[in-house]
Amino acid sequence: QVQLVESGGGLVQPGGSLRLSCAASGTIFSIMDMGWYRQAPGKQRELVAGITSGGSTNYADSVKGRFTISRDNAQRTVYLQMNSLKPEDPALYSCTLIRAIPRPWGQGTQVTVSS
């Protein structure tokens, strides 16, 4: 059974940075395409960034140039470095195995941007 545990969220001022982590267990992490999603109140969950098993990345237009997704296969962890955070970035951020059916989800980590 796949388990995902996200951490690293918190309160940050506009323009600030956070680094999110997602630790995975119960799967062969190194061959999995991983993704970070976010869901704000009243909005649908959206893909923020994805990374393939080979390290190729893709980003939502809204975060390009500000967010960076990376992975450490030895640590079975995927990261999301978020810089220049904006008022529209607050949400519950969750990671998942993009190609799994159904996708497993962790509890998520809350990101709040406020001055």
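As a reminder, the structure under discussion sits directly above these lines.
We now turn to the structure provided with this report. It should be emphasised that the depicted structure is a prediction, and the values quoted were computed from it without experimental measurement.

Reading the values: the criteria
- Residues numbered from 1 in each chain as written.
- Predicted model: local features only at pLDDT ≥ 70, side-chain atom pairs only at ≥ 80, totals over all residues.
- Heavy atoms only, no water.
- Helix = DSSP H or I, 4+ residues; strand = E, 2+ residues; numbered from the N terminus.
- Rg over C-alpha atoms; globule rule 2.2 N^0.38 Å.
- Buried < 20%, exposed > 50% of the residue type's maximum accessible area, 1.4 Å probe, protein only.
- Disulfide = S-S within 2.5 Å.
- Pairing = 2+ DSSP bridges.
- Axes fitted to C-alpha atoms, helices over the stretch in contact; angles between N-to-C directions.
- Phe/Tyr/Trp six-rings, centres within 6.5 Å; stacked < 30°, edge-to-face > 60°.
- Lys NZ or Arg CZ within 6 Å of the ring centre and 35° of its normal.

## Regarding the overall build of the protein
Argument step 1. Assigned secondary structure in the protein consists of 0 helices and 10 strands.
Argument step 2. What you see in the protein, going N to C, is helices and strands ordered as β-β-β-β-β-β-β-β-β-β.
Argument step 3. Relative to its length of 115 residues, the protein is compact, with a C-alpha radius of gyration of 13 Å against a globular reference of 13 Å.
Argument step 4. Dimensions of the protein, computed from C-alpha atoms along their principal axes, come out at roughly 40 × 25 × 20 Å.
Argument step 5. For the protein, buried positions account for 40% of its 115 residues.

## Here we look at the state of the cysteines
Argument step 1. Under the counting rule described, the total for this entry stands at 1 disulfide.
Argument step 2. Note that cysteine 22 is cross-linked by a disulfide to cysteine 95, the S-S spacing being 1.7 Å. Disulfide cysteine 22-cysteine 95: the torsion about the S-S bond is 45°, which places it as right-handed. Of the two residues, cysteine 22 is situated in strand β3 (residues 18-25) and cysteine 95 in strand β9 (residues 91-97); the sequence distance between them amounts to 73 residues.
Argument step 3. Residue cysteine 22 is classed as buried on the basis of its relative accessible area of 0%.
Argument step 4. The exposure class assigned to cysteine 95 is buried, which follows from its relative accessible area of 0%.

## Quick notes on the sheet that holds strand β6 (residues 57-59)
Argument step 1. One open sheet holds the 6 strands; their spatial order is β2-β10-β9-β4-β5-β6, and the pairing between them is mixed. Each edge of the sheet is formed by a strand with only one pairing partner; in this case those strands are β2 (10-12) and β6. The average angle at which neighbouring strand axes cross in this sheet is 25°, direction not considered.
Argument step 2. Both strand β4 (residues 34-39) and strand β5 (residues 46-51) contribute to a ladder of 5 bridges, which runs antiparallel. Bridge assignment links arginine 38 to a residue of β5, and that residue is glutamate 46.

## A short note on the packing of aromatic side chains
Argument step 1. One pass over the full model with this rule turns up 1 aromatic pair.
Argument step 2. Judged by centre distance (5.3 Å) and plane angle (85°), the ring pair of tyrosine 37 and tryptophan 105 falls under edge-to-face. Within this pair, whereas tyrosine 37 is found in strand β4, its partner tryptophan 105 is found in the loop between β9 and β10 (109-113), the two being separated by 68 residues in sequence.
Argument step 3. Given the relative accessible area of 8%, tyrosine 37 is considered buried.
Argument step 4. With a relative accessible area of 31%, tryptophan 105 lands in the partly exposed category.
Argument step 5. Across the ring face of tyrosine 79, the terminal group of arginine 19 is positioned such that the distance to the ring centre comes to 3.9 Å.

## Here's the deal with the sheet that holds strand β8 (residues 77-82)
Argument step 1. Reading across the sheet, the 4 strands line up as β1-β3-β8-β7 and stay open at both edges, with antiparallel pairing between neighbours. The open sheet terminates on both sides in strands that have one partner only, identified here as β1 (3-7) and β7 (67-72). In this sheet, adjacent strand axes meet at a mean angle of 15° when their direction is disregarded.
Argument step 2. The sheet contact formed by β1 and β3 spans 5 bridges and is antiparallel. Each bridged residue has a counterpart across the sheet, and for leucine 4 the counterpart in β3 is alanine 24.

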